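# Report on the structure
Read off the chains here:
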Amino acid sequence: MNVTLSSPRIWAYLQLMRPANIVTAWADILAGFAASGCAVFISVSPDLPISSSSSNLMALAWLLLATTGLYGGGIIFNDVFDAEIDAIERPERPIPSGRASRIGASILGSLLLSAGILAASQVSWLSAVLAFGIAAAAILYDAYSKHDPIFGPINMGVCRGGNLLLGVSAVSPMVSNYWFLALIPVVYIAAITTLSRGEVHGGKTSTGIITLVLISTVLAGLLGLGLLKNYHLLAVLPFVVLLAARVLLPFIKAVSEPTPENIRTAVRAGVLSLIVLDATVAAGFASLPYGLLVLILLPISMALSQIFAVT
């Protein structure tokens, strides 16, 4: 798809930010927001004061801005630290192709991470602490842990789990009540990150099997949340079916034929399907309509993925 911008350099920096992926980070916040209990403003409730609804919306806006900065900055530093290897394996990327400078990318990434932490601090000190932790974990992954077959996937999962809790921090006390929700994206992202190691040279069947086990664990966990009193299991079921259909089919193909192309297809499906996972959690803690609202982000992210790289 040909898109013309007035400045090719600006376009290159937008590519570094992976806009399609940032949309999936918004879904994390919306899911966490639902778990915090704030998503009640979606429903018409005479018992909800207008001032309370406005306050909830303001907190949500700050957290969405925060995750935009955190994810955008973190993913930019991924390319900054990978510049040398990308020059060999993916020379078409913005930095090795010369369309974006490494110094410029570092400055933009730093500004975005700082903006993310600052935006989170407008909600609460706990939100700021979580944002700082996410930023630190992202840099740790980009600079070091991505090269470790065990710590790398866990580290990346912690970033997304922390992002979900950032949404929960709209109501600070709820973070201690629902900290375990972070384990779901931790396991899910660990599965995708494990599989993604074969994007360039192909993967191993054994690695793919581990990935399928992890994905199955996530699906079971989403259903297991039905044990919570305020979790609407019936509202969750259609989303779980959709998630299973979107990720299991390409993942199974990647396991049976672990070629780079199949693995990239599976990873791309897995990343974009984070929105479906978040919609599942959102529907469980809020309502079916709220879950569908989160799911609207999926076609937006998919459209952006046709323009910008996801992996």
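Residues numbered from 1 in each chain as written. Predicted model: local features only at pLDDT ≥ 70, side-chain atom pairs only at ≥ 80, totals over all residues. Heavy atoms only, no water.

### A look at the overall build of the protein chain
Across its full length, the protein chain carries 15 helices and 0 strands. For a compact globule of 311 residues, the expected C-alpha radius of gyration is about 19 Å, and the protein chain comes in at 19 Å, within 12% of that figure. Along the first, second and third principal axes, the C-alpha atoms of the protein chain reach 60 × 40 × 35 Å. When burial is assessed residue by residue, the protein chain has 52% of its 311 residues classed as buried. Across the protein chain, the fraction of contacts at a sequence separation of at least 24, relative to all contacts at a separation of at least 6, is 76%. Working note: accessible area of the protein chain is about 13700 Å², and carbon and sulfur atoms make up 71% of it. Counting 15 positive and 14 negative side-chain charges, the protein chain places the centres of these two groups 2 Å from one another. (Helix = DSSP H or I, 4+ residues; strand = E, 2+ residues; numbered from the N terminus. Rg over C-alpha atoms; globule rule 2.2 N^0.38 Å. Buried < 20%, exposed > 50% of the residue type's maximum accessible area, 1.4 Å probe, protein only. Contact = heavy atoms within 4.5 Å. Areas by Shrake-Rupley, 256 points an atom, 1.4 Å probe, with all protein chains shown as cover. Lys, Arg positive; Asp, Glu negative; His and termini not counted. Charge placed at Lys NZ, Arg CZ, Asp CG, Glu CD.)

### Focus: the side chain of Asn-262
Along the chain, Asn-262 turns up in helix H12 (residues 260–272). Discounting chain neighbours no more than four positions away, the residues touching Asn-262 are Lys-253, Ala-254 and Glu-257.

### A short note on helix H5 (residues 102–121)
In a regular helix each residue adds 1.5 Å, so 20 residues correspond to 28 Å; H5 covers 29 Å between its end C-alpha atoms and thus fits that length. By the burial criterion, the buried members of H5 are Ala-105, Gly-109, Leu-112, Leu-113, Gly-116, Ala-119 and Ala-120. Along the axis of H5, the buried positions cluster into a sector of 130°, meaning they face one direction only. Seen from the open side of H5, the exposed residues pointing more than 90 degrees away from its buried face are Ile-103, Leu-111 and Leu-118. (Expected span 1.5 Å × (residues − 1). Arc of directions from axis to C-beta.)

### Structural notes on the confidence of the model for the protein chain
Scored by pLDDT, the protein chain comes out at a mean of 89, with 91% of its residues at no less than 70. Here H12 stands out as the element of the protein chain with the lowest mean pLDDT, 87, in contrast to H5, whose mean of 98 is the highest. The model gives residues 1–6 a pLDDT under 50, and that stretch makes 6 contacts with residues more than four places away or in other chains. Counting contacts from residues 43–51, a segment whose pLDDT is below 50, to residues more than four positions away or on other chains yields 3 contacts. (pLDDT = per-residue confidence, 0-100.)

### So, the pattern of salt bridges
Evaluation of the coordinates by the stated rule reveals 6 salt bridges. Asp-79 is paired through a salt bridge with Arg-18; the nearest N and O atoms lie 3.3 Å apart. In this pair, Asp-79 is assigned in helix H3 (residues 50–81) and Arg-18 in the loop between helix H1 (8–17) and helix H2 (19–36), connecting sequence segments 61 residues apart. Classification of Arg-18 by relative accessible area gives buried; the value is 4%. With its nearest N and O atoms 3.0 Å apart, the salt bridge here joins Asp-82 to Lys-146. (Salt bridge = Lys/Arg side-chain N within 4 Å of Asp/Glu carboxyl O.)

### Here's the deal with H1
Residues of H1 that are buried include every one of Trp-11, Ala-12, Tyr-13, Gln-15, Leu-16 and Met-17, and no others. The positive-phi residue at the C-terminal boundary of H1 is Arg-18, with phi of around 50°.

### So, the environment of Tyr-231
You can see Tyr-231 is positioned in the loop between helix H10 (205–224) and helix H11 (233–256). For Tyr-231, a relative accessible area of 5% corresponds to the buried category. Sequence separation of Tyr-231 and Gly-284 is 53 residues, and the distance between their C-alpha atoms is 4.8 Å. Not counting residues within four places of it along the chain, the set of residues in contact with Tyr-231 comprises Leu-222, Leu-225, Gly-226, Val-236, Thr-280, Val-281, Gly-284 and Phe-285. At 3.3 Å, the side chain of Tyr-231 and the backbone oxygen of Leu-222 are in polar contact. (Polar contact = N/O pair within 3.5 Å; in protein donor to acceptor, adjacent residues only side chain to side chain.)

### Description of the environment of Phe-239
Assignment of secondary structure puts Phe-239 in helix H11. When its relative accessible area of 3% is taken as the criterion, Phe-239 is described as buried. Separated by 53 residues in the primary sequence, Phe-239 and Leu-292 place their C-alpha atoms 9.0 Å from one another. When neighbours within four sequence positions are excluded, Phe-239 is seen to be in contact with Val-276, Ala-279, Thr-280, Ala-283, Leu-288, Gly-291, Leu-292 and Leu-295.

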